[in-house]
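# An overview of the molecular structure
Now for the letters of each chain:
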Amino acid sequence: MTATDPALTALANGWAALYLLAGRIEAHIERTLQAEHDLSVREYSLLDVLSRQHSGEGGHLQMKQVADAVVLSQSATTRLVTRLEDRGLLSRYLCATDRRGIYTDVTGPGLELLEAARPTNEAALREALDEAAKNPELAPLVATVEEMNLSRRLPEPAPAH
């Protein structure tokens, strides 16, 4: 393959379109969440991930797992947790079975803010996708995102008898 190979050019163009779509979506959601809830996209994502924890086996995430879920480094995630803890939206505590482990939970005010912001996030995502679908380069990617979402929400087929 050479640098002018059509397959490489198509791959690079596909990646550029995907990167553009993700950037546009994130920027639109960021502006909307900031304006309406004083939350960044990363803060919203962190609250959302942590709100899904449970008290059962494996129900609490370690900081590395949280970092992976919000697509940040561990140090950036720790700084983000500290910022939200300072705002009273998160609390940290030591793991009962491993004193080196520190877990983070969403506080009552954090859950209230998340629930208030969830419809805003969803509406902003819808607006961003609708706007991106008007761009011929991005429309196929938007359709793929929507198909992925649709396939997750469809009920399982009934077992054949």
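Note that the structure is a prediction, hence the values are computed from the model and not measured. (Residues numbered from 1 in each chain as written. Predicted model: local features only at pLDDT ≥ 70, side-chain atom pairs only at ≥ 80, totals over all residues. Heavy atoms only, no water.)

## Comments concerning the packing of helix H1 (residues 6-37) against helix H2 (residues 41-51)
Relative orientation of the contacting elements H1 and H2 amounts to 85°, with a least axis distance of 8 Å. When the axes of H1 and H2 are compared, the pair comes out roughly perpendicular. Listed contacts from H2 to Glu26, Ile29, Glu30 and Leu33 of H1 are Val41, Arg42 and Tyr44. Considering only residue class, the contact of H1 with H2 consists of 4 nonpolar, no polar and 3 charged. (Axes fitted to C-alpha atoms, helices over the stretch in contact; angles between N-to-C directions. Helix = DSSP H or I, 4+ residues; strand = E, 2+ residues; numbered from the N terminus. Parallel < 35°, antiparallel > 145°, perpendicular 65-115°, else oblique. Contact = heavy atoms within 4.5 Å. Nonpolar A, V, L, I, M, F, W, Y, C, P; charged D, E, K, R; others polar.)

## Let's talk about the packing of helix H3 (residues 63-70) against helix H4 (residues 74-86)
Following both chains from N to C, one finds H3 and H4 inclined at 95°, their axes separated by 9 Å at the closest point. In terms of orientation, H3 and H4 fall into the roughly perpendicular class. Residues Met63, Lys64, Val66, Ala67 and Val70 of H3 form the contact with H4, whose own contacting residues are Gln74, Thr77, Thr78 and Val81. In terms of residue class, the contact of H3 with H4 is built from 5 nonpolar, 3 polar and 1 charged.

## Regarding unusual backbone geometry
The phi torsion at Asp38 lies on the positive side, around 55°, for a residue other than glycine. Of note, Asp38 is situated in the loop between H1 and H2. A relative accessible area of 48% means that Asp38 is categorised as partly exposed. (Buried < 20%, exposed > 50% of the residue type's maximum accessible area, 1.4 Å probe, protein only.)

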